[in-house]
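Close look at the chain arrangement
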Amino acid sequence: MSHPSTQSIKQLLLGLVLLLGTGHSALSHAETGRYLVQVRAVSPERAGNYYTLLLQMILEASKKPGETIEIQLSDRQFTQARWIAEVQTGQFNEVLWTTTSKERERLLHPIRVPIFKGLLGKRFLVIRRKDEALFAKVHSKADLTELIAGQGAHWSDTDILEANGLPVTVGGGKETLYRMLKADRFDYFPRGVSEIYSEYEFMAENDLVVEKHLMLSYVMPIYYFVNKNNTELALRLEKGWNIILQNGQFNTFFFAHPRIKTAIEEYKKHKRTIIVLDNPYLPDYLPFDHPEYWMDLSAY
């Protein structure tokens with residue numbers, strides 16, 4: 001399988017039509033053939049706009065003849081809790097990406113295809129460089145109970161770690177948490193293997209490193225979500241996902257993206273002990289009956 005270059009990804013990014021400011025409903029553009037989707041996130045993302053590039057690809061695959069897809073981004077960043085509330089009560093074509101849970105699937109309509117093939121639940125530990133010898137002595141979940149993790153408020157990971165008996169200190173966004181780790185406020189910061197690509201800069205600034213021999217593993221797929229009453233947008237996303245999965249377009253995009261390339265390269269550097277955690281907040285149904293939705297990192 002041939003993969004597009006990083007330049008190709010940049011060109012696709014440049015092809016996004018990004019409208020800033022307050023929006024109009026998609027219906028108001030029906031006569032011009034424009035279909036507007038709102039995303040409560042700013043651009044550009046440090047990690048190459050993975051979420052919006054993929055969203056654009058899905059919508060392009062399912063668009064009507066002669067239709068133009070427009071993604072309107074926010075001019076400010078929303079907290080996850082606020083973003084969920086905005087989509088839950090929103091009147092426009094709003095799309096959210098977040099990890100799934102029983103509560104989130106009660107509030108919103110999930111598009112049940114894991115955006116990162118399940119990799120977000122595979123977690124490297126970012127630690128202080130001076131603590132590498134300390135973490136070399138960690139071999140089990142019981143050993144980790146003697147140390148403190150750092151996580152964000154309203155993040156699913158916080159609840160999962162605590163449910164597994166692991167102490168957690170809660171902070172703000174990831175940049176704040178990196179500074180807190182440097183300041184000895186906690187001992188390690190679990191980061192999804194698909195998140196590491198965009199965060200080496202934070203590590204370098206704070207004399208932090210990716211721990212070399214451990215990885216946490218729990219089931220925590222991240223989906224696109226829409227308002228429960230927006231059946232039309234949900235059907236578009238489900239149709240588009242199905243098309244790009246069947247024609248191989250998603251796999252081509254996925255394996256070429258720097259997020260995934262970096263995750264695989266980082267995983268292959270060292271033999272890792274996998275510490276499996278339970279996620280008691282998962283909904284009753286997960287799409288394990290679709291093996292093509294998931295990636296087995298251990299195959300590398």
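Residues numbered from 1 in each chain as written. Predicted model: local features only at pLDDT ≥ 70, side-chain atom pairs only at ≥ 80, totals over all residues. Heavy atoms only, no water.

1. Structural notes on the confidence of the model for the protein
The predicted model of the protein has a mean per-residue pLDDT of 87, with 87% of residues at 70 or higher. Contacts from residues 1–31, a stretch scored under 50 in pLDDT, to residues over four places away or in other chains number 49 contacts. (pLDDT = per-residue confidence, 0-100. Contact = heavy atoms within 4.5 Å.)

2. Some thoughts on helix α12 (residues 258–268)
Taken across its 11 residues, α12 has 8 buried, putting it largely inside the fold. Three or more residues of α12 are buried, namely Pro 258, Arg 259, Ile 260, Thr 262, Ala 263, Ile 264, Glu 266 and Tyr 267. (Buried < 20%, exposed > 50% of the residue type's maximum accessible area, 1.4 Å probe, protein only. Helix = DSSP H or I, 4+ residues; strand = E, 2+ residues; numbered from the N terminus.)

3. Some words on the pairing of strand β5 (residues 122–128)
Of all the 7 residues making up β5, 6 are buried; the element is thus mostly covered by neighbouring parts of the structure. With 2 bridges joining them, β5 and strand β10 (residues 214–217) adopt antiparallel strand pairing. Opposite Arg 123, over in β10, you have Leu 216 as the bridge partner. In this structure, β5 lies alongside strand β8 (residues 189–192), joined through 4 bridges in antiparallel fashion. Counted as the bridge partner of Leu 125 is Pro 190 from β8. Note: β5 against strand β9 (residues 208–210), 3 bridges, orientation antiparallel. What sits directly across from Ile 127, in β9, is Val 209. (Pairing = 2+ DSSP bridges.)

4. Comments concerning unusual backbone geometry
One non-glycine residue with positive phi stands out, namely His 154, at about 70 degrees. Phi is positive for Asp 184, which is not a glycine, with a value near 65 degrees. Position of Asp 184 relative to the elements: it lies in the loop between α8 (174–182) and β8.

5. Some remarks on the sheet that holds strand β4 (residues 109–111)
Read from one edge to the other, the open sheet built from 5 strands follows the order β2-β1-β3-β11-β4, with strand pairing classed as mixed. Looking at which strands have only one partner, the edges of the open sheet turn out to be β2 (68–73) and β4. Neighbouring strand axes in the sheet, compared pairwise and without regard to direction, differ in orientation by 35 degrees on average. As judged from the 6 bridges shared by strand β1 (residues 34–39) and β2, these two strands associate in the parallel manner. The residue bridging Gln 38 from the neighbouring strand is Gln 72, located in β2. Contacts from helix α3 (residues 80–89) reach β1, β3 (94–99) and β11 (222–226) within the one sheet, and its direction differs from that of β3 by about 140 degrees. (Axes fitted to C-alpha atoms, helices over the stretch in contact; angles between N-to-C directions.)

6. What about the packing of helix α2 (residues 50–61) against helix α11 (residues 249–256)?
Their axes nearest at 11 Å, the elements α2 and α11 cross at an angle of 165 degrees. With respect to α11, the element α2 is oriented roughly antiparallel. The crossing of α2 and α11 is right-handed. Contacts between α2 and α11 involve Tyr 50, Leu 53, Leu 54 and Met 57 from the first element and Gln 249, Phe 250, Phe 253 and Phe 254 from the second. Partitioned by chemical class, the residues of the contact of α2 with α11 number 7 nonpolar, 1 polar and no charged. (Parallel < 35°, antiparallel > 145°, perpendicular 65-115°, else oblique. Left-handed = near helix turned anticlockwise from the far one by under 90°. Nonpolar A, V, L, I, M, F, W, Y, C, P; charged D, E, K, R; others polar.)

7. Notes on the side chain of Glu 86
With respect to the helices, strands and loops of the structure, Glu 86 is situated in helix α3. The buried category is assigned to Glu 86, whose relative accessible area is 17%. Glu 86 has contacts with Arg 40, Phe 78 and Glu 94, leaving out every residue within four places of it along the chain.

8. Re the packing of aromatic side chains
Counted by the stated rule, this structure contains 16 aromatic pairs. Judged by centre distance (4.4 Å) and plane angle (20 degrees), the ring pair of Tyr 50 and Phe 116 falls under stacked. Of this pair, Tyr 50 sits in helix α2 while Phe 116 sits in the loop between β4 and β5, and the two are 66 residues apart along the sequence. A residue is classified by how much of its surface remains accessible, and Tyr 50, at 0% relative accessible area, is buried. Lying across the ring of Phe 254, Lys 117 places its NZ or CZ 5.5 Å from the centre. Looking at Arg 236, its charged tip hangs above the ring of Tyr 35, at a distance of 3.6 Å from the centre. (Phe/Tyr/Trp six-rings, centres within 6.5 Å; stacked < 30°, edge-to-face > 60°. Lys NZ or Arg CZ within 6 Å of the ring centre and 35° of its normal.)

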